[in-house]
Amino acid sequence: MLVFMDDSGDPGFKVSKGSSNTFVIGMVVFDDPLEAEETALRIKKLRRELRLSDTFEFKFNKCRKDFRCRFLETVKGAHFRARAIVMQKNRIYGKELRASKESFYNYAIKTVLKYHGGTINNARLRIDGRGDRNFKRALSSYLKRELNLHKAVNDKVIHDLRFVDSKRNVLIQLADMVTGAINRKYSSDKADSSVYIDIISNRIEDIWEFGR
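The structure contained in this document is the topic of the report that follows. (Residues numbered from 1 in each chain as written. Predicted model: local features only at pLDDT ≥ 70, side-chain atom pairs only at ≥ 80, totals over all residues. Heavy atoms only, no water.)

Observations concerning the nonpolar core
General note: in soluble globular proteins, nonpolar side chains tend to be found buried as a group.
Now for step 1: With 39 residues, the main nonpolar core has Phe-30, Phe-58, Phe-71, Phe-80, Leu-171 and Leu-174 as its most contacted residues.
Now for step 2: Elements represented by at least two residues in this core include exactly β1 (2-8), β2 (22-30), α1 (33-49), α2 (65-75), β3 (81-88), α6 (170-184) and α7 (195-199).
Now for step 3: Setting aside residues no more than four positions away along its own chain, Leu-171 makes contact with Phe-4, Val-28, Phe-30, Ala-36, Thr-39, Ala-40 and Ile-43.
Now for step 4: By size, the runner-up hydrophobic cluster in this structure holds 30 residues, among which are Leu-113, Leu-139, Leu-147 and Ile-158. (Core = buried A, V, L, I, M, F, W, Y, C linked by side-chain atoms within 4.5 Å. Buried < 20%, exposed > 50% of the residue type's maximum accessible area, 1.4 Å probe, protein only. Helix = DSSP H or I, 4+ residues; strand = E, 2+ residues; numbered from the N terminus. Contact = heavy atoms within 4.5 Å.)

Next comes the structure, spelled out in structure tokens:
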């Protein structure tokens, strides 16, 4: 099982000073590695069709509307499952979570992986490789402790975790585009709030609105 994870929004709570109202952790899950390879090939072919360079990175917040739609139309027929947790910040009351971006970010990732309804097991988890070495090491230790401790080998949530470069990994870009589409659904002030989620609705397995 392969899981690619990314976020949308930001983990800060200074909404009045520009922080987002909503923070989303999303993941795309492939039960078959061959399906992951075929999906990656679809995305690479799309870059050629759009006459983009082989190093072009699809990022939801940097793409034009037509690119977003073409991308999602291209992958909607692929065999992956999308899951996400939506953290609306006005529903987050824990002092530590509100005081520390790192704690909030780590907690959101742990929560979406922990409460998966029996759908994730022994996954090879890939996360966008942002942050310094100490942050990555701390997050990796935290997730393994919270998700795998005292579990039998075959019952572990994470088999291994790696941080990868989104510029070189089109399936991290897929996670970014899907997570961005989910987050846009909660931007009621945007005219295209439901456009993207509607395209990939058949790939959405679960969207958990935390605190509801």
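Some details on the pattern of salt bridges
Now for step 1: The tally for this structure, following the rule as stated, stands at 15 salt bridges.
Now for step 2: Where Asp-192 meets Arg-68, a salt bridge forms, and the shortest distance between an N and an O atom there is 3.7 Å. On the criterion of sequence distance, the pair formed by Asp-192 in the loop between α6 and α7 and Arg-68 in helix α2 is long-range, its members being 124 residues apart.
Now for step 3: A relative accessible area of 8% places Arg-68 in the buried class.
Now for step 4: Of the charged contacts in the structure, one is a salt bridge between Asp-165 and Arg-168, with a shortest N-O distance of 4.0 Å.
Now for step 5: Here Asp-165 falls in the partly exposed class, since its relative accessible area comes to 38%.
Now for step 6: Classification of Arg-168 as exposed rests on a relative accessible area of 75%.
Now for step 7: It is possible to trace a salt-bridge network through shared partners that takes in Asp-31, Arg-81, Arg-83, Glu-205 and Asp-206. (Salt bridge = Lys/Arg side-chain N within 4 Å of Asp/Glu carboxyl O.)

Quick notes on the packing of aromatic side chains
Now for step 1: One pass over the full model with this rule turns up 13 aromatic pairs.
Now for step 2: With a centroid separation of 5.5 Å and an interplanar angle of 45°, the aromatic rings of Phe-23 and Phe-104 are classed as tilted. Of the two residues, Phe-23 is situated in strand β2 and Phe-104 in helix α4 (residues 101-114); the sequence distance between them amounts to 81 residues. Side by side, Phe-23 and Phe-104 carry an identical accessibility label, which is buried. (Phe/Tyr/Trp six-rings, centres within 6.5 Å; stacked < 30°, edge-to-face > 60°.)

Section: the environment of Val-24
Now for step 1: Along the chain, Val-24 turns up in strand β2.
Now for step 2: For Val-24, a relative accessible area of 0% translates into the label buried.
Now for step 3: Each C-alpha atom of the pair Val-24 and Arg-98 lies 15 Å from the other, and the pair is 74 residues apart in sequence.
Now for step 4: Sequence-distant contacts of Val-24, defined by excluding residues within four places in its chain, comprise Asp-6, Asp-7, Ser-8, Ala-84, Ile-85, Val-86, Thr-179, Ile-182 and Asn-183.

Considering the packing of α4 against helix α5 (residues 133-148)
Now for step 1: For the pair α4 and α5, the least separation of the axes is 10 Å and the interaxial angle reads 35°. As for the relative orientation of α4 and α5, their crossing is right-handed in sense. Seen from α4, the contacting residues are Glu-102, Tyr-105, Asn-106, Tyr-107, Ile-109, Lys-110, Leu-113 and Lys-114; seen from α5, they are Phe-135, Leu-139, Tyr-142, Leu-143, Glu-146 and Leu-147.
Now for step 2: Looking at the contact of α4 with α5 residue by residue, the classes come out as nine nonpolar, one polar and four charged. (Axes fitted to C-alpha atoms, helices over the stretch in contact; angles between N-to-C directions. Left-handed = near helix turned anticlockwise from the far one by under 90°. Nonpolar A, V, L, I, M, F, W, Y, C, P; charged D, E, K, R; others polar.)

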